[in-house]
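Below, each chain spelled out in residue letters.
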Amino acid sequence: MNMASAIEILWKQALKTFDGRRNVGFKLCQKNFDKLWNLMNKITAEDVNLNKQVLDFIQIQSAPMCVIDIFENKDLTISIFILKHGVTMPMHDHPGMHGFLKVISGAVQVNSYTLKTNDDHIIKSNKEIDAFRHRPISLHNNSPACVLTPRDKNLHEISCIEGPAAFLDILSPPYDEDDSGNGPRPCTYFKTISSTSCMDLPDIVEEVKLLAFEGPPNFDSESLKYTGPPLM
């Protein structure tokens with residue numbers, strides 16, 4: 001009998017953790033969530049067949065980013081994002097989602113933001129919103145996965161500081177998936193319009209005012225085929 005691959009084990013745990021995630025009254029089991037995080041921390045570039053050939057190919061692409069879709073259903077999506085050296089993925093949100101980001105090659109710097117309001121998580125374009133910016137973190141292939149929740153560190157901006165940099169991403173539920181009957185979840189982009197430094201909180205660098213807008217200008221991506229172990 002074939003041994004299950006690391007990515008297949010991760011996938012099965014993700015299915016277990018987020019099954020029925022869109023349903024009203026869904027309760028996340030912390031034990032399953034922690035187990036998924038631990039499995040995510042062990043994933044390597046080899047586990048998804050992300051080799052030097054792919055990374056070299058990325059460098060000659062014109063697009064700043066490449067995306068490899070591994071799996072998607074109504075509860076979750078698993079993908080690999082690869083950023084070219086020096087590229088920054090613009091600040092964006094994950095409305096009502098949980099997510100994990102695990103660097104498997106290169107290095108990125110992540111600026112995360114937590115919204116100060118608890119209002120409806122779908123933010124209208126051109127709306128100004130208050131948030132906290134957390135202390136930036138640098139992640140490489142030995143760093144644990146960083147986590148976002150519907151409330152905590154839900155917005156982020158990711159810069160490639162040693163590239164190309166690749167990270168495995170699990171999001172639940174996916175973008176555009178219906179939010180318990182409230183319509184699809186769009187991805188909204190943000191820019192900082194003002195900031196005040198924040199000395200008294202250890203993890204928070206500043207309070208910021210953000211402006212929401214649709215679609216990042218001139219930030220396109222190339223799709224690549226997943227060539228790692230199958231998930232069945």
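Shown above is the structure to which this text applies.
Throughout this description, residue numbers start from 1 for each chain and increase along the sequence as written. Confidence filtering applies because this is a predicted model: local features only for residues at pLDDT of at least 70, side-chain atom pairs given and counted only at 80 or more, and all residues used for totals across whole chains, interfaces and linings. Only heavy atoms go into the side-chain values, all of them from the structure, while hydrogens and water stay out.

> Help me understand the overall build of the protein chain in this model?
Scanning the protein chain from terminus to terminus reveals three helices and eleven strands. Reading the protein chain from its N end, one meets helices and strands in the order α-α-α-β-β-β-β-β-β-β-β-β-β-β. Its C-alpha atoms put the protein chain at 55 × 45 × 35 Å along the principal axes. In this scheme, a residue with accessible area under 20% of its type's maximum is buried, one over 50% is exposed, and one in between is partly exposed, where area comes from a 1.4 Å probe on protein chains only. Looking at the protein chain as a whole, 50% of its 232 residues are labelled buried. Residue pairs at least 24 apart in sequence account for 76% of intrachain contacts in the protein chain once pairs closer than 6 positions are excluded. All accessible areas in this document rest on Shrake-Rupley with a 1.4 Å probe, and a residue is counted as covered only by the protein chains that are shown. Accessible surface computed for the protein chain: about 11,700 Å², of which carbon and sulfur atoms make up 52%. Helix and strand assignments follow DSSP, with helices taken as H or I runs no shorter than four residues and strands as E runs no shorter than two, numbered in order from the N terminus. Throughout, a contact is declared for two residues whenever any of their heavy atoms are within 4.5 Å.

> Would you explain the nonpolar core in this entry?
It is characteristic of soluble globular proteins that their nonpolar side chains tend to be buried jointly. Ranked by internal contacts, the top residues of the largest apolar core, which has 31 residues, are Leu50, Ile70, Ile80, Ile82, Leu168 and Ile170. When contributions to this core are tallied by element, the ones reaching two or more residues are α1 (6-18), α2 (30-42), α3 (52-60), β1 (65-72), β2 (77-83), β4 (98-115) and β8 (155-172). Sorting elements by how many residues they give to this core places α1 first, with five residues. The contact partners of isoleucine 80, leaving out residues within four places of it in the chain, are Val48, Cys66, Val67, Ile68, Ile70, Ile104, Ala166, Phe167 and Leu168. In this description, a nonpolar core means a group of buried Ala, Val, Leu, Ile, Met, Phe, Trp, Tyr and Cys residues linked to one another through side-chain atoms lying within 4.5 Å.

> Is there a simple way to think about the pattern of salt bridges in this case?
Two side chains that carry opposite charge are able to pair once their charged atoms sit near each other. A side-chain nitrogen of Lys or Arg and a carboxyl oxygen of Asp or Glu constitute a salt bridge if their distance falls within 4 Å. Tallied over the entire structure, the rule returns six salt bridges. Among the ionic pairs, lysine 12 bridges to glutamate 8, the shortest N-O distance being 3.0 Å. Of the two residues, lysine 12 and glutamate 8 both sit in helix α1, four residues apart, roughly one turn of that helix. Assessed through its relative accessible area of 46%, lysine 12 is described here as partly exposed. The exposure class of glutamate 8 is buried, given its relative accessible area of 11%. Measuring nitrogen to oxygen at the nearest pair gives 2.6 Å for the salt bridge that ties glutamate 207 to lysine 116. Highlighted residues: glutamate 207 in strand β10 (residues 204-214) and lysine 116 in the loop between β4 and β5 (128-134), separated in sequence by 91 residues. Overall, the relative accessible area of 40% leaves lysine 116 in the partly exposed class.

> Where do I start with α1 in this structure?
For an α-helix, the turn length of 3.6 residues means that residues three or four places apart are oriented alike. Given a helix with a known number of residues, its expected span is that number minus one, times 1.5 Å. Here α1 is 13 residues long and its end C-alpha atoms lie 18 Å apart, about the 18 Å a rise of 1.5 Å per residue gives. The set of residues buried in α1 consists of Ile7, Glu8, Leu10, Trp11, Gln13, Ala14, Thr17 and Phe18. Buried residues along α1 sit in contact with α2, β1, β2, β4 and β8.

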